[in-house]
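# An overview of the molecular structure
Each chain, written out:
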Amino acid sequence: MDILRIAVLGIAGVLIALVLKKERGEYSTFVSMAVCICIFFYIITKVETILSFAERMETLISVDSSYIALVVKMVGITYIAEFAMNVCKDAGYAAIGNQIEMFAKMSILVVSLPVLTAFLETIGSFL
Amino acid sequence: MSVNLIFKIAAVGILVTVISQVLKHSGREEHAFLTSLAGLIIVLFWIVPYIYELFETMQSLFAL
């Protein structure tokens, strides 16, 4: 049911931002950021349930907990980079948005390096 | 709490637009610029704590 609330919130925010777009561009960016933050607070509850499920899964399967922490870190990096990039692109500055996206990709690659080395070591031990 | 933030920002935006139009037509360009600047700073003061709280929650939630 709260998907309806989210949809109405988004559309109302867009309409308000449109009113301000012609005269004052910066206020429409502020309004869109405010709507993003409001919707984010709803996302938080969903993410918390997923994370608690991930922790429960950890006990069931004997997966090394550091890998799940890495995955969660990557999701966090992606989400923040996505938020910042889209705000920049909405304001019309795609170049800055792409820089943020490139930085996010590089940082995710760096975060996943230990997993890669562990994987290569296990393969090396087989050969 | 955060939903009426949107309406506050919209109200400030519309108010600043109207005031600057009136000031422009009455010949005071610099006052119009100052009011739009003031409106911008007010909205910035409102929204920065929310952005800070957003990134704090992200940091604590995803253990970044």
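Residues numbered from 1 in each chain as written. Chains lettered and ligands numbered in written order. Predicted model: local features only at pLDDT ≥ 70, side-chain atom pairs only at ≥ 80, totals over all residues. Heavy atoms only, no water.

## Let's talk about the overall build of chain B
When its secondary structure is counted, chain B shows two helices and zero strands. Reported as C-alpha extents along the three principal axes, the dimensions of chain B are approximately 55 × 20 × 10 Å. A burial count over chain B gives 34% of its 64 residues as buried. Summed over all atoms, the accessible surface of chain B reaches about 3900 Å², with 74% contributed by carbon and sulfur. (Helix = DSSP H or I, 4+ residues; strand = E, 2+ residues; numbered from the N terminus. Buried < 20%, exposed > 50% of the residue type's maximum accessible area, 1.4 Å probe, protein only. Areas by Shrake-Rupley, 256 points an atom, 1.4 Å probe, with all protein chains shown as cover.)

## Some points on the packing of helix α1 (residues 2–21) of chain A against helix α1 (residues 3–25) of chain B
Relative orientation and spacing of two packed helices are given, respectively, by the angle between their axes and the distance between those axes. Contact geometry of α1 of chain A with α1 of chain B gives a least axis separation of 10 Å together with a crossing angle of 10°. As summarised for this structure, α1 of chain A and α1 of chain B are arranged roughly parallel, according to the angle between their axes. On the side of α1 of chain A, the interface is formed by Leu9, Ile16, Val19 and Leu20 of chain A, while α1 of chain B contributes Val3, Ile6, Phe7, Ala10, Gly13 and Ile14 of chain B. (Axes fitted to C-alpha atoms, helices over the stretch in contact; angles between N-to-C directions. Parallel < 35°, antiparallel > 145°, perpendicular 65-115°, else oblique. Contact = heavy atoms within 4.5 Å.)

## As for the nonpolar core
If you look at the biggest cluster of nonpolar residues, it comprises 34 residues, and the most contacted ones within it are Tyr27, Val31 and Ile37 of chain A together with Ile6, Ile9 and Ile47 of chain B. Counting residues per element, the ones that place at least two in this core are α1, α2 (25–60) and α3 (65–90) of chain A together with α1 and α2 (29–62) of chain B. With 13 residues, α2 of chain A is the single largest residue contributor to this core. Those residues in contact with Ile6 of chain B, other than ones at most four positions away along the chain, are Leu9, Ile16, Val31, Ala34, Val35 and Cys38 of chain A. Leu70, Ile77, Ala81 and Val111 of chain A belong to the second-largest nonpolar core, a separate cluster that totals five residues. (Core = buried A, V, L, I, M, F, W, Y, C linked by side-chain atoms within 4.5 Å.)

## Regarding empty space enclosed by the protein
Tallied over the full model, the rule gives one cavity of 30 Å³ or more. Here the largest cavity is characterised by a volume of approximately 30 Å³. (1 Å grid on protein atoms, 1.4 Å probe; cavity = no way out; pocket = protein on both sides within 12 Å on 5 of 7 lines; lining within 4 Å. Points joined across faces, edges and corners; volume = space filled by probe spheres on them.)

## A short note on the packing of α3 of chain A against α2 of chain B
Running from amino to carboxyl end, α3 of chain A crosses α2 of chain B at an angle of 160°, the nearest separation of the two axes being 9 Å. By the angle between their directions, the pair α3 of chain A and α2 of chain B is classed as roughly antiparallel. Classified by chirality, the crossing of α2 of chain B by α3 of chain A is right-handed. Along its contact with α3 of chain A, which presents Val72, Lys73, Val75, Gly76, Tyr79, Ile80 and Phe83 of chain A, the element α2 of chain B presents Leu54, Phe55, Met58 and Phe62 of chain B. (Left-handed = near helix turned anticlockwise from the far one by under 90°.)

## Thoughts on the layout of surface pockets
Residue and element names in this part refer to chain A. In this model, the largest pocket occupies a volume close to 190 Å³. If you go around the largest pocket, the residues you meet are Ser32, Val35, Cys36, Ile39, Phe40, Ile43, Tyr79, Glu82, Phe83, Asn86, Val87 and Asp90. Elements with a minimum of two residues in the lining of the largest pocket: α2 and α3.

## Topic: the interface of chain A and chain B
Size of an interface: often given as the accessible area lost when the parts come together. Contacts between chain A and chain B engage 29 residues on the former and 32 residues on the latter. Interface area lost by chain A to chain B is led by Arg24, Tyr27 and Phe30 of chain A, which between them contribute 22%. One can count zero salt bridges joining chain A with chain B. Across the contact surface, chain A and chain B share one residue pair in polar contact (both at pLDDT 80 or more). Sorting the residues of the side of chain A that touches chain B by element identifies α1, α2 and α3 of chain A as the ones contributing at least two each. When residues in the side of chain A that touches chain B are grouped by element, the largest group, 15 residues, is from α2 of chain A. Each residue belonging to the side of chain A that touches chain B can be placed in one class, and the counts come to 23 nonpolar, one polar and five charged. (Buried area = accessible area lost by both parts, 1.4 Å probe. Salt bridge = Lys/Arg side-chain N within 4 Å of Asp/Glu carboxyl O. Polar contact = N/O pair within 3.5 Å; in protein donor to acceptor, adjacent residues only side chain to side chain. Nonpolar A, V, L, I, M, F, W, Y, C, P; charged D, E, K, R; others polar.)

## Quick notes on the environment of Met58 of chain B
One can find Met58 of chain B in helix α2. Residue class for Met58 of chain B comes out buried when judged on its relative accessible area of 1%. Through-space distance from the C-alpha of Met58 of chain B to that of Gly13 of chain B is 29 Å; in sequence the pair is 45 residues apart. Ignoring sequence-local partners within four residues, the contact set of Met58 of chain B consists of Phe40, Gly76, Tyr79 and Ile80 of chain A together with Ala63 and Leu64 of chain B.

## Notes on the confidence of the model for chain B
Looking at chain B as a whole, its pLDDT mean stands at 89, while 98% of the residues score no less than 70. Model confidence for the complex: the whole-complex pTM is 0.80, and ipTM, which rates the interface, is 0.77. (pLDDT = per-residue confidence, 0-100.)

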